[in-house]
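Each chain, letter by letter, is given below.
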Amino acid sequence: MTVSEYLSELPRRSALVVGDVCLDRWCLYDPDASEPSRETGIPRIAVVETSVTPGAGGTIANNLAALGVGKISLLGVVGDDGFAHELAGALAQRKISSDLLIRVPGRATFTYTKLINRTTGEEDRPRIDYISQEPLPESVEEQVIRRLRESASAFDVIFVSDQAETGQAVVVTPAVRQVLAEIAEQRPNQVVWVDSRLRAHAFRRVVLKPNEQEADAACRALFGRRDYAALREATQARCLIVTLGERGAMILDDEGERVVANMPPKKPVDVCGAGDSFSAAAGMAFAISGSGAEAARFGNFAASITVMKRGTGTASPDEMLAAEASAIG
């Protein structure tokens, strides 16, 4: 299928993003206004402009919206604080439903605050993260599972964003993974697409999309060696897609193993969020075509666009068409 054919189909498609969600706050500061505090003598960081975007699973949702997917919802856990309010506004602006988000009073909404130098355009100060160090309460886990079971059938694709790097504050718990495996088994026409930073080896019967480092770590966790074919077999993955950066993506499915090459390499501006843009495009393409190779090709176009933008950029339909035209000739 051509990029145009995929794009024409996306408005009729739907996607649910499940898992870790956060708020990205981009704060532009003026280094020339860094006057010391009269009380402490510590120089201030003078923020003069702030913008917000959905982060983590919200980045996948943001990319889906940019591509023109017709219906997008986000299922995750946030606090009942100002950052949650900002996140809801950012989602509404992009026509992403936040109705399935679970707000937990007293819990911090996971927030990345990134400080950008107005003079240089560079992020050159330590990032300020607002995090929760408390495990997900059992009652909240039950809400996640209940909402997942109740809503899953309404979507063509379920994207799973499992980004938490510790055992604390994990939304995609073992119980949630079990429900996802059941959905994948019971609904073969529905795509369950998983992007997991540390736990790819723990999912079953889904489409797994780790990057090379994550895939190698999953192999070591299971076998102590790099063996992608064994990883697919052990996880019973419908398809294993290992992204290889500028080299493209390796596909392992019932048709065998092959590499789908990426666009001609350019020096990337910012690789942050490239995996999410790949997942958004490739996951929808997989739902439409049923082909891992076709999905990777569509995903490669999206990632090749977003790595040339600062921050967690997105790929528009016009940019996708231009990328395909460039690849052809």
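What counts and how
- Residues numbered from 1 in each chain as written.
- Predicted model: local features only at pLDDT ≥ 70, side-chain atom pairs only at ≥ 80, totals over all residues.
- Heavy atoms only, no water.
- Salt bridge = Lys/Arg side-chain N within 4 Å of Asp/Glu carboxyl O.
- Helix = DSSP H or I, 4+ residues; strand = E, 2+ residues; numbered from the N terminus.
- Buried < 20%, exposed > 50% of the residue type's maximum accessible area, 1.4 Å probe, protein only.
- Phe/Tyr/Trp six-rings, centres within 6.5 Å; stacked < 30°, edge-to-face > 60°.
- Core = buried A, V, L, I, M, F, W, Y, C linked by side-chain atoms within 4.5 Å.
- Contact = heavy atoms within 4.5 Å.
- Pairing = 2+ DSSP bridges.
- Axes fitted to C-alpha atoms, helices over the stretch in contact; angles between N-to-C directions.

J.: Got a sec to walk through the pattern of salt bridges? Specific residues and values, please.
T.: Applying the stated rule across the entire model yields 21 salt bridges. Across the pair D162 and R199 runs a salt bridge, and its minimum N-O distance is 3.1 Å. Highlighted residues: D162 in strand β9 (residues 157-162) and R199 in the loop between β10 (191-196) and β11 (207-208), separated in sequence by 37 residues. Take D162: its relative accessible area is 0%, and that puts it in the buried class. R199 sits in the buried class, given a relative accessible area of 15%. Between R258 and D253 there is a salt bridge; the shortest N-O distance is 2.7 Å. By relative accessible area, which is 23% here, R258 ends up partly exposed. Because the salt bridges share partners, they merge into one network encompassing E212, D216, R226 and R247.

J.: Break down helix α2 (residues 57-67) for me, citing the residues and quoting the values.
T.: Each turn of an α-helix holds 3.6 residues, which means side chains three or four residues apart point in the same direction. Burial of α2 is extensive: nine of the 11 residues sit out of reach of the surface. Buried within α2 are the following residues: G57, G58, T59, I60, A61, N62, N63, L64 and L67. Where α2 ends, the next residue or the one after it, G68, has phi of about 100°, a positive value.

J.: Quick rundown of the packing of aromatic side chains? Include the residues and the values.
T.: Enumeration over the complete set of coordinates arrives at three aromatic pairs. Ring centres 4.8 Å apart and planes at 40° place the aromatic pair Y6 and F298 in the tilted group. Of the two residues, Y6 is situated in helix α1 (residues 3-9) and F298 in helix α9 (residues 292-306); the sequence distance between them amounts to 292 residues. Judged by relative accessible area, Y6 falls into the buried class, the value being 1%.

J.: Which residues make up the nonpolar core, and what are the values?
T.: Ranked by internal contacts, the top residues of the largest apolar core, which has 51 residues, are L64, F159, W193, F278, M284, F298 and M320. Ranked by the residues each element gives to this core, the list is headed by helix α8 (residues 274-289), at eight residues. In this structure M320 touches V3, L7, L67, F298, F301, A302, I305 and A315, once residues within four positions along its chain are discounted. With 40 residues, the next largest nonpolar core counts L75, V104, V171 and F203 among its residues.

J.: Describe the side chain of D24, naming the residues involved and giving the relevant values.
T.: For D24, the position within the fold is in strand β2 (residues 21-29). Look past the residues within four positions of D24 in its chain and what remains in contact with it is S51, V52, T53, P54, G55, T59, Y112, K114 and T312.

J.: Would you mind going over the environment of V194 in detail, with residue names and values included?
T.: Mapping V194 onto the fold places it in strand β10. Measuring from C-alpha to C-alpha, the distance between V194 and A281 comes to 13 Å, with 87 residues separating the pair along the chain. With near-sequence residues (within four places) excluded, V194 lies in contact with V160, F203, V206, V207, L208 and K209.

J.: Now, about the environment of P174: what can you tell me, with residues and values included?
T.: The topology assignment puts P174 in helix α5 (residues 174-186). The class for P174 is exposed, based on a relative accessible area of 59%. Between the alpha carbons of P174 and F203 there is a distance of 8.8 Å; along the sequence they are 29 residues apart.

J.: Describe unusual backbone geometry, naming the residues involved and giving the relevant values.
T.: For residues besides glycine, phi is generally negative; the peptide bonds are generally trans as well. If you check the backbone angles, A56 has positive phi at about 55° while not being a glycine. Mapped onto the elements, A56 comes out in strand β3 (residues 47-56). With phi around 55°, Q236 is a residue other than glycine that occupies positive phi space. Its place among the elements puts Q236 in the loop between α7 (228-235) and β12 (239-243).

J.: Which residues make up the sheet that holds β10, and what values go with them?
T.: The eight strands are arranged β4-β1-β9-β10-β11-β12-β13-β14 in an open sheet whose pairing can be described as mixed. Taken across any chain shown, the strands that pair with only one partner, and hence form the sheet edges, are β4 (71-75) and β14 (256-260). Relative to β4, strand β1 (residues 14-19) runs parallel, the two being bridged by five bridges. In the strand pairing of β4, V18 is matched with L75. This element, α2, spans β1, β4 and β9 of the sheet and lies at about 175° to β4.

J.: An account of the pairing of β9 is needed here, citing residue identities and associated values.
T.: Counted residue by residue, β9 has six buried out of six residues, so it is predominantly covered. Residues V157, F159 and S161 point to one face of β9 and I158, V160 and D162 to the other, with burial holding for every one of them. Strand direction decides the pairing type here: β1 and β9, joined by five bridges, are parallel. Across the sheet, G19 pairs through a bridge with S161, a residue of β9. Here six bridges tie β9 to β10, and the two strands are oriented parallel to one another. Across the sheet, residue I158 finds its bridge partner in β10, namely V192.

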